There are 2 protein chains.
Amino acid sequence: MQTYTVALGDRAYPIHIGTNLLSNAELVIPHLVQKRVALVTNEVVAPYYLDTVRGALENAGVKVVPVILPDGEQFKNWETLNTVYDQLLAARCERGTTIIALGGGVVGDISGFAAATYQRGAPFIQMPTTLLAQVDSSIGGKTAINHPAGKNMIGAFYQPQLVISDMRTLLTLPDRELKAGLAEIIKHGLISDAIFFEWLEENITRILARDMEALAHAVLRSCEIKGAVVVRDERELGERALLNFGHTFGHAIENGMGYGVWLHGEAVAAGMSLASDLSAQLGMLGAPAAQRIKKLLLRAGLPIEVEGISPTKMRQLMSLDKKSRDGNLRFILLERLGSAVIRADIPPEALDRTLACLA
Amino acid sequence: MQTYTVALGDRAYPIHIGTNLLSNAELVIPHLVQKRVALVTNEVVAPYYLDTVRGALENAGVKVVPVILPDGEQFKNWETLNTVYDQLLAARCERGTTIIALGGGVVGDISGFAAATYQRGAPFIQMPTTLLAQVDSSIGGKTAINHPAGKNMIGAFYQPQLVISDMRTLLTLPDRELKAGLAEIIKHGLISDAIFFEWLEENITRILARDMEALAHAVLRSCEIKGAVVVRDERELGERALLNFGHTFGHAIENGMGYGVWLHGEAVAAGMSLASDLSAQLGMLGAPAAQRIKKLLLRAGLPIEVEGISPTKMRQLMSLDKKSRDGNLRFILLERLGSAVIRADIPPEALDRTLACLA
């Protein structure tokens, strides 16, 4: 087991990465305020891991209230959140009852927002079971639900007490979701570590074959890169926006396709492809580097093109982006492999040329 | 104008108390991130003060998005909150758009929770227009909505940038609401300042006659007392619970009567009366002091008795209290006038005797 600590002062927390961690209650117990937890998961994850976690905790004398949500991005909404509140209240959970999220990004985001808002804040632990959640959504304290008008529009910054990433959960992950998680891993290399990007080029086959060691390295390095950014800018007042490379386009794609049609990571991959194009249009990124990015995304089995969203629709969807300031859309662009910048001064023609590739 | 600053480090904020402050945009402008605000109020307050605030801000070049809610505690729920989100999104409010609450506690609590959760946190300003909001809910960053299973069950700690308490708004406040606000003012004297309690005994007539100077003193002293407690214990891990004197009973009364039937302050007054009885039952508070408390509450026009909630129902409603820990109900009790303590070890017989007065 390897541990990376997100050094957020009095809200610092460890991320444990390894195998067979879900059955180890000793990792959890020291972080509990009372010997009682609400274990939130979904109907797909529950058959695999609910009994493992629940059994380990109950054997250690912890009372477990299971909360099972429907599966899918389309349920990341107020109605689902309300069923969580209802079950927490029905079970008389208190503000000292820890809420554990066992599942992917949707379970983590909803559970985290429930923890942030249940009785004005209950302790929270993440047990991410998808690659995407392990390398992205479980780190940094962003919690949210979607609104019909946009993704993650309602939410809070709320840090967990602890994150436990068990690599063995990746063995039961569908191929498509493994690949979607890879998109964010590749993003971490692109925005801040060219050497990690090269390592990914060399090891993409091992990762796709679910080599535990390669996966653990990719997850750990992602946690380190994202964690360092979060520590410097927890509330996304500046640098943290760099983590949204590919996301201004990506969120618009996800929304335009209809939530749940494309996976978040797939939309981000296509978004990174567009953002790389835009970076190249502006003379910031060389064409060979942009090609290397698309090639790695393709080798990872990710989409680099979008069909069915017109340039006009794309602009309209992007204007809803949370990163906009005073109506100006901001883009994260690459200066080179391993270095990203925030730009709010994109000439409309450059954006036009990039969006021209859309059907 | 007098100003008290809540000294919460990098989240410190001023509370301005005086007359004709709502028309003074200069107080607001320095706190805005962008020259754009969402001004949330309700249909009762809007005809009195919306144009005043809106006009002053628009004259200063600030774009104002008005959001008008229905009036009443029964609307402090998810449905109303959702209409706020919908309107913020429809008007393309950004995470830099300041949300201003112009109204009483319900408007402040909903707007504050909307600000805490809109795009993971927008700046927030309180302009409380009821005595209750000026001396209690606008100070200290508690925001929330109710759930069918209990009051304020969903919420967040979220501090405003600024509070502006205009005493002239109290001239249009219905008598019943003025009195309800007095309950929390009296509470502040009871839990931490016997001299202020005596000042209230001497000045209750001036306050009820809406003497601006007497009201301003009562509001300022309340802000100082509550602010000092909040600064020492922002997230209610300890001492802040003292501010809930009368509230364990009070919340149960409010819930048992049906939200909106009794005003919060009325329920708290009856709750303080019960809590004073319990303090006396336990030999902590002298009988003469308990009598002085009830007398002042009566002179303030507040209820000190409850009908229609049985002792059994009361116990059941109280068990939902957020202040319970590991299932133990905690009470705030008085040791003497001006000094409160938290107790979780109340003998059932003492509680039985106190509840025996219920119909």
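Note that the coordinates shown come from a computational prediction; the quantities given were computed from them, not determined experimentally.

Analysis parameters
- Residues numbered from 1 in each chain as written.
- Chains lettered and ligands numbered in written order.
- Predicted model: local features only at pLDDT ≥ 70, side-chain atom pairs only at ≥ 80, totals over all residues.
- Heavy atoms only, no water.
- Helix = DSSP H or I, 4+ residues; strand = E, 2+ residues; numbered from the N terminus.
- Rg over C-alpha atoms; globule rule 2.2 N^0.38 Å.
- Buried < 20%, exposed > 50% of the residue type's maximum accessible area, 1.4 Å probe, protein only.
- Contact = heavy atoms within 4.5 Å.
- Pairing = 2+ DSSP bridges.
- Axes fitted to C-alpha atoms, helices over the stretch in contact; angles between N-to-C directions.
- Least-squares fit on C-alpha atoms with pLDDT ≥ 70 in both.
- Right-handed = clockwise from strand over helix to strand, strands pointing away.
- Domains from an automatic or database assignment.
- Buried area = accessible area lost by both parts, 1.4 Å probe.
- Salt bridge = Lys/Arg side-chain N within 4 Å of Asp/Glu carboxyl O.
- Polar contact = N/O pair within 3.5 Å; in protein donor to acceptor, adjacent residues only side chain to side chain.
- Nonpolar A, V, L, I, M, F, W, Y, C, P; charged D, E, K, R; others polar.

### Re the overall build of chain A
Moving on, step 1. Of the regular secondary structure elements, chain A holds twelve helices and eleven strands.
Moving on, step 2. Relative to the 2.2 N^0.38 estimate, which gives 21 Å for 359 residues, the radius of gyration of chain A is 20 Å and therefore close to what a compact globule would have.
Moving on, step 3. Referenced to the eigenvectors of the C-alpha coordinate spread, the extents of chain A come out at roughly 60 × 40 × 35 Å.
Moving on, step 4. Relative to its 359 residues, chain A shows a buried fraction of 64%.
Moving on, step 5. Long-range contacts, defined as pairs at least 24 residues apart, comprise 76% of the intrachain contacts of chain A with a sequence gap of at least 6.

### A closer look at the sheet that holds strand E5 (residues 98-103) of chain A
Residues and elements named next belong to chain A.
Moving on, step 1. Taken in spatial order, the seven strands make up an open sheet running E1-E2-E9-E6-E5-E3-E4, and their pairing is mixed. Each of the sheet's edge strands pairs with one partner strand only, and the pair in question is strand E1 (2-6) and strand E4 (63-69). Adjacent strand axes in the sheet meet at a mean angle of 15°, parallel and antiparallel pairs treated alike.
Moving on, step 2. In the sheet, strand E3 (residues 36-42) pairs with E5 via four bridges, with the strands oriented parallel. Considered in E5, the bridge of Val-40 is made with Ala-101.
Moving on, step 3. Here helix H2 (residues 78-90) sits on the sheet and contacts E3, E4 and E5; the angle it forms with E4, its principal contact strand, is near 155°.

### Brief notes about the relation of the copies chain A and chain B
Moving on, step 1. Turning chain A through 180° and shifting it by 0.0 Å along the axis lays it on chain B, with an RMSD of 0.0 Å. Taken together, the rotation and translation relating the two chain copies correspond to the operation of a two-fold axis.
Moving on, step 2. Interface overlap between copies: 100% of the residues of chain A at the interface are likewise at the interface in chain B, consistent with a symmetric, same-surface contact.

### Brief notes about the pairing of strand E5 (residues 98-103) of chain B
Residues and elements named next belong to chain B.
Moving on, step 1. For E5, the buried fraction is high: six of the six residues fall into the buried class.
Moving on, step 2. Across five bridges, the pairing between E5 and strand E6 (residues 124-128) is parallel. When the sheet's bridge partners are listed, Ile-100 is paired in E6 with Ile-125.
Moving on, step 3. Regarding the hand of the β-α-β motif, the stretch spanning E5, helix H3 (residues 105-117) and E6 is right-handed.

### Regarding the domain arrangement of chain A
Residues and elements named next belong to chain A.
Moving on, step 1. Considered domain by domain, chain A is made up of domain 1 (2-172) and domain 2 (175-355).
Moving on, step 2. The distance between the C-alpha centroids of domain 1 and domain 2 comes to 25 Å.
Moving on, step 3. Contact residues are listed per partner, giving 33 residues for domain 1 and 36 residues for domain 2.
Moving on, step 4. Taken together, the two surfaces of domain 1 and domain 2 that pack against each other cover about 3,100 Å², and 67% of this comes from carbon and sulfur.
Moving on, step 5. Interface area lost by domain 1 to domain 2 is led by Leu-131, Lys-151 and Phe-157, which between them contribute 19%.
Moving on, step 6. For the pair domain 1 and domain 2, the interface holds four salt bridges.
Moving on, step 7. At the surface where domain 1 touches domain 2, the tally comes to nine residue pairs in polar contact (both at pLDDT 80 or more).

### So, unusual backbone geometry
Note: most residues except glycine have negative phi, and most peptide bonds are trans.
Moving on, step 1. In the Ramachandran plot, Arg-120 of chain A falls in the positive-phi region, its phi being about 65° despite a non-glycine side chain.
Moving on, step 2. In this structure, Arg-120 of chain A sits in the loop between helix H3 (105-117) and strand E6 (124-128).
Moving on, step 3. Residue Arg-120 of chain A is classed as buried on the basis of its relative accessible area, which comes to 5%.
Moving on, step 4. The phi torsion at Arg-92 of chain B lies on the positive side, around 60°, for a residue other than glycine.
Moving on, step 5. Inspection of the secondary structure puts Arg-92 of chain B in the loop between helix H2 (78-90) and E5.

### Points about the interface of chain A and chain B
One frequent convention defines the size of an interface as the accessible area lost when the parts assemble.
Moving on, step 1. In this complex, chain A contributes 34 residues to the contact, which on the side of chain B involves 34 residues.
Moving on, step 2. Between chain A and chain B the total buried area reaches about 3,200 Å² when both faces are included, carbon and sulfur atoms providing 52% of it.
Moving on, step 3. Counting every contact that joins chain A to chain B gives two salt bridges.
Moving on, step 4. Residue Glu-236 of chain A is joined to Arg-95 of chain B by a salt bridge in which the shortest nitrogen-to-oxygen separation is 3.7 Å.
Moving on, step 5. Our count for the contact surface shared by chain A and chain B stands at ten residue pairs in polar contact (both at pLDDT 80 or more).
Moving on, step 6. At the level of secondary structure, the elements contributing two or more residues to the side of chain A that touches chain B comprise H2, H3, strand E7 (142-147) and strand E8 (150-157) of chain A.
Moving on, step 7. At six residues, E8 of chain A tops the list of elements feeding residues into the side of chain A that touches chain B.
Moving on, step 8. Partitioning the side of chain A that touches chain B into residue classes produces twelve nonpolar, eleven polar and eleven charged.

### As for the pattern of salt bridges
Close approach of charged atoms lets side chains of opposite charge pair.
Moving on, step 1. Using the criterion set out here, one finds 42 salt bridges over all chains in the structure.
Moving on, step 2. When salt bridges that share partners are traced, they join Asp-10, Arg-11 and Glu-234 of chain A into one network.

### A short note on the sheet that holds strand E1 (residues 2-6) of chain B
Residues and elements named next belong to chain B.
Moving on, step 1. One open sheet holds the seven strands; their spatial order is E1-E2-E9-E6-E5-E3-E4, and the pairing between them is mixed. Each of the sheet's edge strands pairs with one partner strand only, and the pair in question is E1 and strand E4 (63-69). Direction aside, the axes of adjacent strands within the sheet are offset by 15° on average.
Moving on, step 2. Here E1 runs beside strand E2 (residues 13-18); their pairing, made up of five bridges, is antiparallel. Counted as the bridge partner of Val-6 is Tyr-13 from E2.

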